[in-house]
Amino acid sequence: DPEFYKFLEDHDKELLEFEDEEPSEDTDVDEAELEPFLPTESTQKSGKVLTTAMIDSWCKNISENGSVGAIRSIMRAFQTACHYGDDNKNESSRKFSVMTSSVFNKIMVFVLNKIDGIFRTFLKLPETGGKKETIVELMTTKAWKDHGYLVKSYLGNTLHVLQQMTDTEMISFTLQRLRSSAVFLAAFPSLLRRYIKVSLHFWGTGKGALPVVSFLLMRDCCIRLGSDCIDPCLKGIYKAYVVNCQFVTPTKLQHIEFLGSCIIELYGVDLPSAYQHAFVFIRQLGMILRDAITVQTKDAYRKVYEWKYLNCLQLWTRVVCTYKEDPDFRLLAYPLTQIICGAAQLVPTARYFPLRLKCTRMLNQIAISTGTFIPIGSLLADMLEFKELKKSATGGVGKAVNFRSTLKVSKQTLRTRAFQEECVFSVIEQIGEHLEQWSYSVFFYELAFIPLTRLRSFCKTTTIERFRREAKQLVQQVEANVEFTNKMRTTIAFSPNDQAEIASFLEVEKKAKLSPLSLYMENLHLRARQRKASMDESSVLVGEKVSRFTKEIPDIESEDAEHGNAVFSSNWLPGNDAKKSLKSKKHTKKRKWEDQEPVMDEDVVTELELSSDEDERSGSPVLEGHFGSPTGTQKSQQKTSKRKDTKKMKRAKKPPKNKNKRAPLK
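Residues numbered from 1 in each chain as written. Predicted model: local features only at pLDDT ≥ 70, side-chain atom pairs only at ≥ 80, totals over all residues. Heavy atoms only, no water.

Enquirer: Hey, could you go over the layout of surface pockets for me, with residue numbers and the actual values?
Expert: As a volume, the second largest pocket reaches approximately 1,300 Å³. Lining the second largest pocket are 41 residues, and of these Glu257, Arg361, Gln365, Arg404 and Lys532 sit closest to its centre. Mapped onto the lining of the second largest pocket, the elements with two or more residues apiece are helix H12 (253–267), helix H15 (307–322), helix H18 (353–370), helix H21 (417–437) and helix H27 (516–535). At 8 residues, H18 tops the list of elements feeding residues into the lining of the second largest pocket. (1 Å grid on protein atoms, 1.4 Å probe; cavity = no way out; pocket = protein on both sides within 12 Å on 5 of 7 lines; lining within 4 Å. Points joined across faces, edges and corners; volume = space filled by probe spheres on them. Helix = DSSP H or I, 4+ residues; strand = E, 2+ residues; numbered from the N terminus.)

Enquirer: Requested: an account of a nonpolar patch on the surface, with residues and values cited.
Expert: Together, Tyr445, Phe449 and Ile450 line one region of the surface with nonpolar side chains, adding up to about 310 Å² of accessible area. Take tyrosine 445: it is sitting in helix H22 (residues 444–447). Take tyrosine 445: its relative accessible area is 39%, and that puts it in the partly exposed class. (Patch = residues over 30% accessible without salt bridge, like charges linked within 9 Å, V, L, I, M, F, W, Y side chains within 5 Å. Areas by Shrake-Rupley, 256 points an atom, 1.4 Å probe, with all protein chains shown as cover. Salt bridge = Lys/Arg side-chain N within 4 Å of Asp/Glu carboxyl O. Buried < 20%, exposed > 50% of the residue type's maximum accessible area, 1.4 Å probe, protein only.)

Enquirer: Quick rundown of the pattern of salt bridges? Include the residues and the values.
Expert: The final tally for this structure, using the stated rule, is 17 salt bridges. A salt bridge links aspartate 56 to lysine 106, with the nearest nitrogen and oxygen atoms 3.6 Å apart. Note that aspartate 56 is positioned in helix H3 (residues 52–65) and lysine 106 in helix H5 (residues 101–123), a separation of 50 residues in sequence. Residue classification places lysine 106 among the partly exposed residues on the basis of a relative accessible area of 31%. Residues joined by salt bridges that share partners form a network here, namely Asp382, Glu385, Lys390 and Arg454.

Enquirer: Give me unusual backbone geometry: which residues, what numbers.
Expert: One can expect most non-glycine residues to show negative phi and most peptide bonds to be in trans. A positive phi angle is found at glutamine 296, which is not glycine, with a value near 60°. With respect to the helices and strands, glutamine 296 occurs in the loop between helix H13 (271–295) and helix H14 (298–304). The phi torsion at lysine 513 lies on the positive side, around 55°, for a residue other than glycine. For lysine 513, the position within the fold is in the loop between helix H26 (507–512) and H27. Its relative accessible area of 47% is what places lysine 513 among the partly exposed residues.

Structure below.
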């Protein structure tokens, strides 16, 4: 009744605001009431109601006749579907209104699957592919002036609905269909920047196939659009990687390796531009190390001895090793090697042995990939000189330490037998890898002299028999390899300046891996893999599916209409998703802190001790206030909250007699 409505609006306006009230926790709301309602007079006034029959007729007219009017109608319906449920004041000016989830799903599936081919037909473009130059030429034609606004509407509305979706499969399907239309973003630079930002967000935070699909969209944009997209993507993807690699757990290692593989793949699209960015980022790592060496404070050391810094070094090591044939990237191997050596020797204590072993492993990778000699043997042999590895363990057997997810160990772990064995076995393995690289070199005797002397000294000074036995086996194999190369060296007739003859020395034996050191390292690698497998945890479970992240980027085929119908078969609507989750959010809000457990297995450098002989502190004062025993302020707050709870309970037991009057404050 309009007159009654006007009367309430003038005299009691609060009664008209009942739709904005949220359902209380004590009220039982049927889930069916949260479903989209049938069209009413008010909704009919705001726009024409969309039905399944209308959508089917438009789709049929487009497929059979290619009607421009039907395309415009379906694009208006797509715009309404993407903005359905938004708090928009101009909603009454829209021509259509989406009322059911089936209509929404039909519109989304048809547009995402078919609209790219329709646009290419009207604009006279190839069925697939395309470059930026093609779109630049197209923008001057009459066809673009007539239909270009439809392309912009499609890209803009799809971007909007991507920011509203929460279902991973829906987002993945939408991004996958957008890959074929990525070339059109060359005409809209502002939309391109927003799509890059959204793709980077999904790439870093998504689960399942979403990171892969987001990365493939970025890669397609870089290939097709060139410099307009390459520089923002190369810079943004590295920043997103830094954000996601600040903490490492055994289960997160695979995800970090996957992110690194994506960066390596993207940097290979344009190597000259990638070199410029890699040079700047490696230089930043060098400046952080320089500040730590000159300032020598805990904060400066902590910036180097943290996961973020080490993971960045590991990333650039993989990039340089992958593109070692490129002359520009090959030049980055030297400054990167200097930074890694400086980081390994920054704090020479036994507690940071896991970090030093990570650095020496990076140096081994660079040396093997580039064929350059790096004196890694001295860095590894210095670890064997520490007293913690020469004397028997006084802390018992202890738990196995996974060096892949550890940067620093406690002093209790430092005295355990498990830590000693992991350190010594890792050092011997890496020394063997370093010497195996040059086991077929004519200069092997000179290159192996210092590591061999240090290993012999360790065999004499150590008091642990099992360590002496392991080191002695490596010494014997190195000595046998020295005899093997020296015997062949006596038969040569070329000079040390003949590089071609030096490169071909023992080439046949190298291909067959016949040197004594190569045969020994095969058994050593097998034992190391078994030790690593015993410490690795199970795969990361996401729902009922296993998220597997590998170095290979899987090739995702184009989705068909049936898959789109399966993805959009739920009753999800942009406007109703928040309403359906109101009640669940209120019920889960109280249990939020009860279900959440503090994660303590991330290795964070909370303090820095330059000597391993200092006494162990009981714990970091910063972390103790959050996870350890309560501080004085926390104890007083707990007592105050208990007194308040007691007063509330007393008030509940004795309600005031007169309900219209407030109870007196105590």
